[in-house]
Amino acid sequence: MFYFGIEHEVAFLNHEGKFADFTHTKFTDFAQIVDRLPIYPNDYPQLRVGDAGIKKKRWYIEGFERFADSDQPIDCLAKGIEIRTTIHTDIQGAVNELSESFRLLQELAVSFGYTPVLASFNPYKIVFEPQPPLNDFEIKQLQAYPDEQTANIYMVSYGPDLNISVADMSTEKLIDIGQKLTYYSPYIVPFTYSSPFYNGSLWEGLSVRTFIRTGKRSATLVFVEKAEQLIPSIPSLTKVARIPAEIGRIEFKAFDSCDDFNIYAALLGLLKGLILDETLQGRLTVPDAALHQLSAKEGFNNEEIFANAIEVLQASEFALNDDPDVNLLTPLKIMLEQRKSKSHELIEKFHKLGSIEEVLRQTY
């Protein structure tokens, strides 16, 4: 029995048509939107609320929390709004819920002057530097959690978490799957490349997000029940589940964002097939940064990336066999045939329109 969930980060243009980020967007600007969105009491306890209470709904403000001298946050620097789905037993159910949640968000955001746009990396800001600078308490907090020290990356990048869990899978098998997905990550992430903009212009590749984050942030995260089941690594491959619903979850974190949610359905189908597959032998605890960077620059135009992507897709298709979810893989096959990703389309539009904002307005 498989279970599926999706977390999707949304970036916005503001009423002036500027990219709405932490430099000129306050927590309250996004909070007025989230406050008007519905709450579904039956979502709990499967959705984590968190200590700060920011994550009360299917939508919450993604950002960097600021503290004075205790665990109570005093502010949150906002980067966008994240949508998360509840847990579904079928892929289409998760995608349908995400689509409906996005529709509700879009309607409300527009009424407040914010337009959702597809961005996997901030097209203007290349680094996040908290203002005012971090205090002693915050520095200590960050030092306790190695992954939290990469706020300078996650505050300028946007991406989905695709979550899969399998009933009654052993911890050993779970970790093995996490290592497998980490190994094959450079070959499957090009299906989603959508961050060709950097520092106000075109970057020299297809996914600046992948180029910058890999090696410092996890490609896959596996949630285990107890601390003694953790495997020490930086970035982390394993994490202790914070709520019972997270135990046994495999979270794939390396994809760029997609504005066509059917691609998420295809990718969840691909990941499901890779979990079932027993032929692919590659395993890594920490992502191969150099290979991800090659992949980020060239995508499927690189023969090694292309050949391995074909192998991975075929292995997934073979493992799914007569499972109806095998049909979800079709869009990925088309992308491979064309050797194209969303970034190719964004680059082409930029050459025509000459404005990043005008290109972004044509997403979703």
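The coordinates are above.
Please read these numbers as outputs of a predicted model, since none were measured by experiment.

K.L.:
I keep staring at the overall build of the protein chain and nothing clicks. Help me out?
P.N.:
Within the protein chain, the secondary structure is distributed over twelve helices and ten strands. For a compact globule of 364 residues, the expected C-alpha radius of gyration is about 21 Å, and the protein chain comes in at 19 Å, within 12% of that figure. Counting only C-alpha atoms and orienting by the principal axes, one finds that the protein chain spans roughly 55 × 50 × 35 Å. Each of the 364 residues in the protein chain was classed as buried or not, and the buried ones make up 55%.

K.L.:
I'm lost on the pairing of strand β8 (residues 220-224) in this one. Help?
P.N.:
If a strand is regular, its side chains alternate between the two faces of the sheet. Judged by how many residues are buried, β8 sits mostly within the fold: five of five residues are covered. Residues Thr220, Val222 and Val224 line one face of β8 and the alternating positions Leu221 and Phe223 line the opposite face, and both faces are buried. Bridge count between β8 and strand β10 (residues 249-252): three bridges; the pairing is antiparallel. From the neighbouring strand, Val222 faces β10, where its bridge partner is Ile250.

K.L.:
Is there a simple way to explain the packing of aromatic side chains in this structure?
P.N.:
Describing an aromatic ring pair means giving the distance of the ring centres and the angle of the ring planes. Taken as a whole, this structure holds 19 aromatic pairs when the rule is applied. Where Phe102 meets Tyr364, the ring centres are 4.4 Å apart and the plane angle is 25°; that geometry is what we call stacked. Residue Phe102 is found in helix α2 (residues 91-111), and its partner Tyr364 is found in the segment after α12 (356-361); the two are separated by 262 residues along the sequence. Assessed through its relative accessible area of 26%, Tyr364 is described here as partly exposed. Between Tyr184 and Tyr187, the aromatic rings sit 6.4 Å apart at their centres with planes inclined by 55°, giving tilted as the arrangement. Here Tyr184 and its partner Tyr187 are both found in helix α5 (residues 171-188), three residues apart, which amounts to about one turn of the helix. Residue Tyr184 shares its accessibility class with Tyr187, and that shared class is buried. Linked through ring pairs, Phe102, Phe261, Tyr264 and Tyr364 together constitute an aromatic cluster. Lys79 extends its terminal NZ or CZ atom over the ring of Tyr158, reaching a point 5.1 Å from the ring centre.

K.L.:
Looking at this structure, how should I read the pairing of strand β5 (residues 161-166)?
P.N.:
Within β5, six of the six residues are buried, leaving the element largely enclosed by the surrounding structure. Of the two faces of β5, both are covered, the one formed by Asp161, Asn163 and Ser165 as well as the one formed by Leu162, Ile164 and Val166. The sheet contact formed by strand β1 (residues 2-13) and β5 spans six bridges and is antiparallel. Across the sheet, residue Ile6 finds its bridge partner in β5, namely Leu162. Judged from the four bridges that link them, β5 and β10 form a sheet pairing that is antiparallel. Pairing of Ile164 across the sheet is with Ile250, part of β10.

K.L.:
Honestly, the side chain of Thr192 in this entry has me stumped. Any pointers?
P.N.:
By the element assignment, Thr192 lies in the loop between α5 and β6 (197-198). In terms of polar contacts, Thr192 uses its side chain to reach the backbone amide nitrogen of Asp256, at 2.9 Å. Once residues within four sequence positions are removed from consideration, Thr192 is found in contact with Phe255, Asp256, Ser257, Cys258 and Leu267.

K.L.:
Would you mind going over the pattern of salt bridges with me for this structure?
P.N.:
One side chain can pair with another of opposite charge once the charged atoms of both are near each other. Applying the stated criterion across every chain yields a total of 21 salt bridges. The salt bridge partner of Arg58 is Asp43, with a shortest N-O separation of 2.7 Å. Taken together, the residues Arg58 in the loop between α1 (27-36) and β2 (59-67) and Asp43 in the loop between α1 and β2 connect sequence positions 15 residues apart. Asp43 matches Arg58 in its accessibility class, with the two residues each being buried.

K.L.:
Before we go on, may I ask you to explain the packing of α2 against helix α7 (residues 261-276) in this structure?
P.N.:
Geometrically, a packed helix pair is captured by the angle between its two axes and the distance between the axes. It is the contact of α2 with α7, at a shortest axis distance of 9 Å, that shows an interaxial angle of 155°. Taken together, the axes of α2 and α7 lie roughly antiparallel to each other. Read as a crossing pair, α2 and α7 show a hand that is right-handed. Of the residues in α7, those in contact with Ile91, Gln92, Val95, Leu98, Ser99 and Phe102 of α2 are Phe261, Asn262, Tyr264, Ala265, Leu268 and Gly269. The residue makeup of the contact of α2 with α7, split by class, is eight nonpolar, four polar and no charged.

K.L.:
Could you clarify how one ought to interpret the environment of Glu172 in this entry?
P.N.:
Tracing the chain through its elements places Glu172 in helix α5. Here the alpha-carbon distance between Glu172 and Val224, two residues 52 residues apart in the chain, equals 10.0 Å.

K.L.:
For this particular structure, what's the right way to read the packing of α5 against helix α9 (residues 303-320)?
P.N.:
Across the interface, α5 lies against α9 with an axial gap of 8 Å and an inter-helix angle of 120°. Comparing the axis directions of α5 and α9 gives the class oblique. In terms of crossing hand, the pair formed by α5 and α9 is left-handed. Contacts between α5 and α9 involve Tyr184, Pro186, Tyr187 and Ile188 from the first element and Glu304, Ile305, Asn308, Ala309 and Val312 from the second. Of the residues assigned to the contact of α5 with α9, the class counts are seven nonpolar, one polar and one charged.

Rules of the game
- Residues numbered from 1 in each chain as written.
- Predicted model: local features only at pLDDT ≥ 70, side-chain atom pairs only at ≥ 80, totals over all residues.
- Heavy atoms only, no water.
- Helix = DSSP H or I, 4+ residues; strand = E, 2+ residues; numbered from the N terminus.
- Rg over C-alpha atoms; globule rule 2.2 N^0.38 Å.
- Buried < 20%, exposed > 50% of the residue type's maximum accessible area, 1.4 Å probe, protein only.
- Pairing = 2+ DSSP bridges.
- Phe/Tyr/Trp six-rings, centres within 6.5 Å; stacked < 30°, edge-to-face > 60°.
- Lys NZ or Arg CZ within 6 Å of the ring centre and 35° of its normal.
- Polar contact = N/O pair within 3.5 Å; in protein donor to acceptor, adjacent residues only side chain to side chain.
- Contact = heavy atoms within 4.5 Å.
- Salt bridge = Lys/Arg side-chain N within 4 Å of Asp/Glu carboxyl O.
- Axes fitted to C-alpha atoms, helices over the stretch in contact; angles between N-to-C directions.
- Parallel < 35°, antiparallel > 145°, perpendicular 65-115°, else oblique.
- Left-handed = near helix turned anticlockwise from the far one by under 90°.
- Nonpolar A, V, L, I, M, F, W, Y, C, P; charged D, E, K, R; others polar.

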